[in-house]
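Each chain, written out:
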Amino acid sequence: MKVLLAGANGYIGTRLIPVLLEQNHNLVCLVRDKRRFHEQSDFSDRVALIKGDLLKEATVESFPKDIDVAYYLVHSMSQDKNFADLEAQSAQNFVKLLDKTHCKQVIFLSGITNDDNLSEHLLSRRHVEDVLREAKARLTVLRAAIIIGSGSSSFEIIRDLTEKLPIMTVPRWVHTKCQPIAIRDVLGYLDGVMLNEKAFDKTFDIGGPDILSFKDMMLNYAKVRHLKRRIITIPFLSPKISSYWLYFVTSVSYSLAQSLVDSMKNETIMKNHDIDKVIKRECLTYREALALAFKKIEQNSIVSSWRDALNNGYLTSDFMDQIKVPQNGTLEYKVNTPFDRDPIAVLNNIMAIGGKRGWYYWDWIWGLRGFFDRVVGGVGLRRGRTSDVTVSPGDVIDFWRVLLVDKVAKRLLLYAEMKLPGEAWLEFKIIERNGKKSLSQIATFRPSGLWGRVYWYLMFPFHLFIFKGMAQQIVNFEILPAKK
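Treat the numbers as computed from the prediction; the structure is a model and nothing was measured. (Residues numbered from 1 in each chain as written. Predicted model: local features only at pLDDT ≥ 70, side-chain atom pairs only at ≥ 80, totals over all residues. Heavy atoms only, no water.)

## A look at the overall build of the protein chain
And then number 1: Secondary structure summary: the protein chain contains 14 helices and 19 strands in total.
And then number 2: Expressed as a percentage of its 484 residues, the buried residues of the protein chain come to 55%.
And then number 3: Carbon and sulfur atoms provide 53% of the accessible area of the protein chain, an area that totals close to 22,400 Å². (Helix = DSSP H or I, 4+ residues; strand = E, 2+ residues; numbered from the N terminus. Buried < 20%, exposed > 50% of the residue type's maximum accessible area, 1.4 Å probe, protein only. Areas by Shrake-Rupley, 256 points an atom, 1.4 Å probe, with all protein chains shown as cover.)

Spelled out as structure tokens, the structure:
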């Protein structure tokens, strides 16, 4: 079948691609930037790409007429004032384009909305369902609660909180009940309803076998990890304070923290089990889903992560246009460090920067910079990396976005997502010339107005020490063998 996938670069979409290709479907992916998909995906030579931003109808290339099924996996946790309008507009534009094709079915992954007084985001999900019902194609809606899998925002938040805090003072929303589901089961349902006539014009709740509170999920996580944790509920914490608490303790942005806290007031439990009549599936328990996530992390095989989704607050969909570092109106600090060892070893050190490895020199300064970034509403340093061993364009490395990974030219280019009075790039490149080898490291800053220039010169004394020390450590760093 010919399948259209909107949201192909997202957390769910990225994982659904190999499932569909395994069944030899003809896959067409709608992406905002084809370059990012080609750079990130091992499947880019096996799928057709359509470029376009659904919020800008004129930018979207025409859909093929002969589409059989379309997946709409476009979601956002943005806190724009017009959030619901934007989600509706995106869905309306999708329907307009799809109605020009022969598509038989649209499949949408939504959120469980059985509770009263729904949050803004759950209401928006339900409204998108209503918009998609206007399409000529038959609609199938799968409503899920928390999705547990390596790289999912829910899993990473639970992980952050439980790993970092032996004693937690938490707001009352930790007692809200939900029905978590493993990412593997979500993909199984998404695949199972495809052109299944029993699923046409139907809405299904999907969930795992466990009904747990957020507190239960954290305590179960602690048991799996053999950690002793104590959770103390403070009922008078307001949603705003709760959002700040989540923002500073975990790696999520403040806007995402706000969205999550707002939604956590609603119970997300399956009210109907009609999906069992359509797809017979024994879903993983919460603990089994955790074990599978840990296994993927240990194998360094995290396919996708919420961290790598583009955030309107920091970058636009054409962020890869920043690959060409500007030369005019910029300030630079260059370090050139000679070395004698194997350049591949140095390249591996470059590609492992950030995350658990850290920044090689004066990590406490980087941590302090990340803390101040969080204070002013930035992403901070806690996002880490999706993988400790691989890096691809579009990935996140702490408060940087990867623009370019060129292992042939031995080059890594990063673009700053921290709060800055301007734009910043950080480039690492190994230069081999006339039998000599050196690491070139260039920090480029394009200031925005007078304050941008003041910021650069205030930071310059730190650059003198940090960048020289970092370059020296990168060329010399070795992983010592484990002691027997």
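## Details of the sheet that holds strand S14 (residues 331-339)
And then number 1: Sheet architecture is open: six strands sit in the order S14-S19-S18-S17-S16-S15, paired in antiparallel fashion. Either end of the sheet is taken by a strand with one partner, and the two such strands are S14 and strand S15 (396-397).
And then number 2: In this sheet, strand S19 (residues 436-447) lies alongside strand S18 (residues 422-433) in antiparallel orientation, the contact comprising twelve bridges. For glutamate 432, the partnering residue across the bridge sits in S19 and is lysine 437.
And then number 3: Running at roughly 5° to S14, helix H14 (residues 449-476) makes contact with S14, S18 and S19 of the sheet. (Pairing = 2+ DSSP bridges. Contact = heavy atoms within 4.5 Å. Axes fitted to C-alpha atoms, helices over the stretch in contact; angles between N-to-C directions.)

## Some details on the pattern of salt bridges
And then number 1: For the structure on display, the rule yields 21 salt bridges.
And then number 2: One salt bridge connects aspartate 66 with lysine 2, and the closest N-O pair in it is separated by 3.2 Å. With a gap of 64 residues between them, aspartate 66 in the loop between strand S3 (48-51) and strand S4 (69-72) and lysine 2 in strand S1 (residues 2-6) connect regions that are remote in the sequence.
And then number 3: The exposure class assigned to aspartate 66 is partly exposed, which follows from its relative accessible area of 43%. (Salt bridge = Lys/Arg side-chain N within 4 Å of Asp/Glu carboxyl O.)

## A look at unusual backbone geometry
And then number 1: Of note, asparagine 24 is a non-glycine position whose phi angle comes to about 65°, a positive value.
And then number 2: Examined against the element boundaries, asparagine 24 turns out to sit in the loop between helix H1 (11-22) and strand S2 (26-31).
And then number 3: At leucine 195, a residue that is not glycine, the phi angle is positive and equals roughly 50°.
And then number 4: Here leucine 195 shows up in the loop between helix H6 (183-192) and strand S11 (202-206).
And then number 5: Judged by its relative accessible area of 28%, leucine 195 falls in the partly exposed class.

## Comments concerning the packing of helix H13 (residues 363-375) against H14
And then number 1: Where H13 contacts H14, the axes come no closer than 11 Å and their chain directions differ by 145°. Within the contact between the two elements, H13 uses Ile365, Trp366 and Arg369 and H14 uses Tyr455, Phe462, Ile466, Phe467 and Met470.

## Observations concerning H1
And then number 1: Restricting attention to buried positions, one finds in H1 the residues Tyr11, Ile12, Gly13, Arg15, Leu16, Ile17, Leu20 and Leu21.
And then number 2: Note on H1: the residue one or two positions beyond its end, asparagine 24, has a positive phi of about 65°.

## A closer look at the packing of aromatic side chains
And then number 1: Overall, the coordinates contain 21 aromatic pairs when judged by the stated rule.
And then number 2: On the basis of an interplanar angle of 65° and a centroid distance of 5.4 Å, the ring pair of tyrosine 221 and phenylalanine 294 is categorised as edge-to-face. With a gap of 73 residues between them, tyrosine 221 in helix H7 (residues 214-224) and phenylalanine 294 in helix H11 (residues 286-298) connect regions that are remote in the sequence. No difference in accessibility class separates tyrosine 221 from phenylalanine 294, as the two residues are buried. (Phe/Tyr/Trp six-rings, centres within 6.5 Å; stacked < 30°, edge-to-face > 60°.)

## Focus on the sheet that holds S3
And then number 1: Strand order in the open sheet formed by seven strands is S3-S2-S1-S4-S5-S6-S11, and the pairing between neighbours is parallel. Looking along the sheet, the strands with just one partner apiece sit at the ends: S3 and S11. For this sheet the average axis-to-axis angle between neighbouring strands, irrespective of direction, equals 20°.
And then number 2: Of the strand pairs in this sheet, S1 and S4 are connected by four bridges, and their pairing is parallel. By the bridge assignment, valine 3 is partnered in S4 with valine 69.
And then number 3: Lying on the sheet, helix H3 (residues 83-98) is in contact with S1, S4 and strand S5 (105-111); it crosses S4 at an angle near 170°.
And then number 4: Packed on one face of the sheet, helix H4 (residues 120-132) meets S4, S5 and strand S6 (138-144) and runs near 170° to S5.

## Overview of the nonpolar core
And then number 1: Ranked by size, the top nonpolar core spans 41 residues in total, and within it Cys29, Tyr71, Leu109 and Leu190 carry the most contacts.
And then number 2: Tallying contributions element by element places H1 first for this core, with six residues.
And then number 3: Beyond its immediate sequence surroundings of up to four residues, cysteine 29 is in contact with Leu5, Ala8, Ile17, Phe37, Val47, Ala48, Leu49 and Ile50.
And then number 4: Leu331, Val379, Ile397 and Ala443 belong to the second-largest nonpolar core, a separate cluster that totals 40 residues. (Core = buried A, V, L, I, M, F, W, Y, C linked by side-chain atoms within 4.5 Å.)

## So, the side chain of aspartate 185
And then number 1: Structurally, aspartate 185 can be placed in helix H6.
And then number 2: Among residues more than four places away in sequence, those in contact with aspartate 185 are Arg281, Glu282, Cys283 and Leu284.

## Remarks on the confidence of the model for the protein chain
And then number 1: On average, residues of the protein chain score 85 in pLDDT, and 88% of them reach the 70 mark or higher.
And then number 2: At the low end of the mean pLDDT range in the protein chain sits helix H2 (residues 34-40), at 67; at the high end sits S4, at 97.
And then number 3: Counting contacts from residues 310-317, a segment whose pLDDT is below 50, to residues more than four positions away or on other chains yields 22 contacts. (pLDDT = per-residue confidence, 0-100.)

## Points about the pairing of S6
And then number 1: With six of its seven residues buried, S6 lies for the most part within the structure.
And then number 2: Strand direction decides the pairing type here: S5 and S6, joined by seven bridges, are parallel. Opposite glutamine 105, over in S6, you have arginine 138 as the bridge partner.
And then number 3: Between S5 and its parallel partner S6, the chain crosses via H4, and the hand of that crossover is right-handed.
And then number 4: Note that S6 and S11 share five bridges and pair parallel. Looking at S11, one finds that arginine 143 is bridged to aspartate 205. (Right-handed = clockwise from strand over helix to strand, strands pointing away.)

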